[in-house]
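Descriptive analysis of the structure
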Amino acid sequence: MSRGELGISRWLEAHTDRSAGLTTLPGNMVLADVAGTGDYHLVLTDLKFNQDTKCRLKVYKGTLLVSDQPLPDIPSSVVGFYADQLEPRIPVVAVACGSELFAYKNLKPFYKFRVPFCPLVDEEAGVWTEVTNSESFGADKLLNALKAIPYASLSARSQYILNQTSPILVAELLRKCGKTMPTKENIITCMASMARSSRDRRAIACPIIATEFGSIFVLDPQNFAILHQANTCNVKATPFIIKSTGLFDVEFRLLIATREGHICLLRKGWLEGKCLIQLTSDIVDMVAVPGDNFVIVATSDKALHCYSKKGQRLWSTTTANLVTCMSLVPLEHISTCMVAIGLKNGSIQLYQGRQPVDFTSVADSPSVITFGQLGQEEHVMVVITIGGSISFKILKRTADFSSKVQENSPMLQSRPLPLPKRSKLFLEQSIRERKNALEIHQTFQQDLIRLRLSAARALVQNLSDQSGIGNEKEQLKLSAQVLGLGPKFTVILSLENINPNNPLVGLCVTFHVNPLYYVLSLYAAKVPLIPPSLSYKLETKVEEVIKEGVESDDLPVGGGKGNCKVIRVFVTRELMPVPVLAATINMPPTELIV
Amino acid sequence: MGLFQRLANFLGVRKKDVNVLVVGLNNSGKTTVVNSFKSEDDRITDIVPTVGFNVERFQNQNLAFTAFDMSGHGRYRDLWEHYYKNCHGIIFVIDSSDRLRLVVVKEELDLMLQHPDICQKKLPILFFANKMDCKEALSSVKIAAALGLDKIMDKPWHISASNALSGEGLQEGVEWLTQQIREMLSVKS
């Protein structure tokens, strides 16, 4: 039984708090066992964009807020990963703020990692070296020198100087910090984690950091040393979503979505990523489906695209509304992985492959969706909306997605073939056909030959049947019966109107005999009207002429030997020269009484 | 039934065997509840998540209870319904501190009450609002309201707040259950 068909939701509405007032962005919400008790908590950052209030790191146990601590800067991403094998297993929660990574354990900060500074562009470095070396480097000269360099590649200090309106302020700044070289901070834009050597759920994992200038760092989970550093792409690209598959020690693939609309691939050992996919519209969100290695991308033009791991587009579909966020919904107990897609109108659609199989809704546009274990429950979907509400939805244990699913894997063709539904009967039959092909063919041929034979037999029978001659066109059937042993016979003709609707009129019957042999009491007769489906019987007395001493067989009349002892019957219609029906009655030989 | 047996029953000498089913979500304390019904010597000290089910025996007022302590994990909840047929009573253990999963408790309870083996029988259901010592625990009244227990018209039910670790509230509940099962059996015989 499918609950979806009955209109009952597959989701239980566990809790909704419309006044939670949370502002968060994709990548800023994780489910982690932060207490190490097997009771999973929800960790998220609450963003505050005004100057006075600080952003906060909040932890929910079930539906209750258990921890709320301020963050030094606006966070960009949160990840949770296991850093060691110590019991109890407590994961590290890492929060990226600016160019720093704050690692929390037991909800307490314990380590800060700073992303190495970016090297300055040669021209800018030259300008600032001059500034530090020479005492009298004028503000105007500095401004002109900095203006010659592309603005985007400048350090924050140079950009700030260029934005100042009055040269006095520039001179002031120059006096304050003219003796030091500026630094170019590498702001963290997104993070992910990747298991190091085992696929276990609680395996040690490495944090991966992507920065504003396109650098990717894979860090050691214990001492936060840089294990691997690479560039996103050979062109300027700003990563904003990063997804990992594989194991760091074995083979891994990092998929990086950039603000410029590229999706880049970075594999183990590569120092620079390769641009795999180039999209024309902006990327809203991206998920990497494990197992199949597919990438599903939502774009700002209401489209969903699925790409293979080589970057070939497998399918595209349009959504009913703008996509705001996506989340993987792995369901191990039915061994599928679905994708939850949050739409701007507040509905969340669940896609299996390219098919939407289910939907649920929240109060307004969802801004982040997370699915996983929360508390003791394994299948919880946490949704935070743009309006600040938080909803917890639990997938029912009895939820059944199987009946509506017709196509599991995305296909290359744009439209599925209009194949009929395969019933159980059809499957059994096709299995049987495949197994016993020869026997089935032989049986069929045998039966076909038998059918043809019986048809031919019936035809021969019909042709040779003297008693039943019919004329299909006139809808008339004639049958004759010879009574008596001879030499006196009685011939009874039966004319049957086989037309069920119209009566037969104006028919005559004529008997034709050799007068040397037979004398009839009646040679011609008019047939009265025969009503439909009824028959008319006509009787005539026949007397065989027996001549003494003459052997009937020797008579040369009629040509053939057997033809002489016959009575011919013609049924004619008035004023028609051609008889409607003709028949020959073979007369039996007279049993002579000697 | 012979005169002697009837007399023995009347005097309460002969023990009757009754089966009770202990159900509830995982981590609600079913095994701990059953453990505290057992005699001091038989109790186990380490309680681990049950896989499948455990069968435990204990006595109360001349009724010999056979408790089927079912696993509450999602993947084993399908097993529950196989034991509905032969049970005389149900003990439903609820983690009263787990507010998030109260809807799941309600869902499982509704599924159970709709089951053909349950909905036609007048089985007594005992609810334990367990973990009453937790500070975020809901009261038994609130849980009864959240689960819609007042809508159960055709079955006797009782909810008692309990703390399976200390044994608080358990005796009250099991005495009610014993009483109900006795009544049910006497009506039958």
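Summary of the structure given here. (Residues numbered from 1 in each chain as written. Chains lettered and ligands numbered in written order. Predicted model: local features only at pLDDT ≥ 70, side-chain atom pairs only at ≥ 80, totals over all residues. Heavy atoms only, no water.)

1. A closer look at the overall build of chain B
The condition that has to hold: Only DSSP runs of H or I with at least four residues qualify as helices, and only runs of E with at least two residues qualify as strands; both kinds are numbered from the N terminus onward. Between buried and exposed lies partly exposed: a residue is buried under 20% and exposed over 50% of the maximum accessible area for its type, with that area taken using a 1.4 Å probe on protein chains only. Contact definition: two residues touch when any of their heavy atoms are within 4.5 Å.
Secondary structure summary: chain B contains six helices and six strands in total. Reading chain B from its N terminus to its C terminus gives the helix and strand order α-β-α-β-β-β-α-α-β-α-β-α. The proportion of buried residues among the 189 residues of chain B is 53%. Nonlocal contacts in chain B, meaning residues at least 24 apart in sequence, comprise 74% of its contacts between residues at least 6 apart.

2. A short note on the packing of helix α1 (residues 122-133) of chain A against helix α2 (residues 139-147) of chain A
Residue and element names in this part refer to chain A. Threshold: Fitted lines through C-alpha atoms give the axes, limited to the stretch in contact for helices. The angle between two N-to-C directions lies from 0 to 180 degrees. Small angles under 35 degrees read as roughly parallel and large ones over 145 as roughly antiparallel, with 65 to 115 read as roughly perpendicular and the rest as oblique. Crossing handedness is read from the near helix: turned anticlockwise from the far helix by less than a right angle, it gives a left-handed crossing, and turned clockwise, a right-handed one. Under the scheme applied, nonpolar residues are Ala, Val, Leu, Ile, Met, Phe, Trp, Tyr, Cys and Pro; charged residues are Asp, Glu, Lys and Arg; polar residues are all the others, including Gly.
Between α1 and α2, the shortest axis-to-axis distance is 10 Å and the interhelical angle comes to 165°. Classified by the angle between their axes, α1 and α2 sit roughly antiparallel to one another. As α1 runs across α2, the sense of the crossing is right-handed. Between α1, through E124, V127, W128, E130 and V131, and α2, the contact on the second element is made entirely by K141, L142, A145 and L146. A class-by-class count of the residues in the contact of α1 with α2 yields six nonpolar, no polar and three charged.

3. Observations regarding the nonpolar core
Keep this limit in mind: We define the nonpolar core as a collection of buried residues of types Ala, Val, Leu, Ile, Met, Phe, Trp, Tyr and Cys that are connected through side-chain atoms lying within 4.5 Å of one another.
L42, V382 and F392 of chain A together with I90, M112 and F127 of chain B are the most contacted members of the largest nonpolar core, which has 47 residues in total. If one sorts the elements of this core by residue count, helix α3 (residues 102-114) of chain B sits on top with six residues. Setting aside its immediate chain neighbours within four residues, V382 of chain A contacts M29, L31, L42, V368, I369, T370, L374, I390, S391 and F392 of chain A. If you look at the next biggest cluster of nonpolar residues, it comprises 27 residues, including L476, F511, V542 and A583 of chain A.

4. Some words on the interface of chain B and chain A
This is how the line gets drawn: By convention, the term buried area covers the 1.4 Å-probe accessible surface removed from two parts as they join, with the contributions of both added. A pair is scored as a salt bridge if a Lys or Arg side-chain nitrogen falls within 4 Å of a carboxyl oxygen belonging to Asp or Glu. Think of a polar contact as two N or O atoms within 3.5 Å of one another; within protein, one of them needs to be a possible hydrogen donor and the other a possible acceptor, and neighboring residues in sequence only count if both atoms come from side chains.
Residue-level contacts link 15 residues of chain B with 17 residues of chain A. Both sides of the chain B and chain A interface together cover about 1,400 Å² of buried area, and 57% of this is carbon and sulfur. Across the salt bridge formed by R397 of chain A and E108 of chain B, the nearest N and O atoms sit 2.7 Å from each other. Connecting chain B to chain A are four residue pairs in polar contact (both at pLDDT 80 or more).

5. What about α1 of chain A?
All names here are of chain A. The condition that has to hold: To estimate the expected span of a helix, count its residues, drop one, and scale the result by 1.5 Å. This arc corresponds to the set of directions leading from the helix axis out to the C-beta atoms.
The terminal C-alpha atoms of α1, which comprises twelve residues, lie 16 Å apart, in line with the 16 Å expected from a rise of 1.5 Å per residue. Those residues of α1 that fall on the buried side of the exposure criterion are E124, V127, W128, V131 and T132. All buried residues of α1 lie within an arc of 135° about the axis, which places them on one face of the element. Away from its buried face, by an angle of more than 90 degrees, α1 presents the exposed residues D122 and N133. Packed against the buried residues of α1 are α2, α3 (156-163) and α4 (167-177).

6. Some points on the side chain of S215 of chain A
Following the sequence through the fold, S215 of chain A ends up in strand β12 (residues 215-219). Beyond its immediate stretch of four places on either side in the chain, S215 of chain A contacts N186, I209, A210, A230, N231 and T232 of chain A.

7. So, the sheet that holds strand β20 (residues 303-307) of chain A
Residues and elements named next belong to chain A. Applied cut-off: Each pair of strands is called paired provided DSSP finds at least two bridges between the two strands.
Strand order in this open sheet of four strands is β18-β19-β20-β21, and the pairing throughout is antiparallel. Each edge of the open sheet carries a strand with a single partner, namely β18 (283-289) and β21 (313-318). When strand polarity is set aside, the average angle formed by the axes of neighbouring strands in this sheet is 15°. The pairing of β20 with β21 spans five bridges and is antiparallel. Bridged to A303 within β21 is T318.

8. A look at the sheet that holds strand β8 (residues 100-105) of chain A
All names here are of chain A. Strand order across the open sheet formed by four strands is β6-β7-β8-β9, with antiparallel pairing between neighbours. With one partner strand each, in any of the chains shown, β6 (75-81) and β9 (108-114) form the two edges of the open sheet. Neighbouring strand axes in the sheet, compared pairwise and without regard to direction, differ in orientation by 20° on average. Of the pairings in the sheet, the one linking β8 to β9 comprises six bridges and is antiparallel in character.

As far as function goes, none of this settles anything; it's purely spatial.
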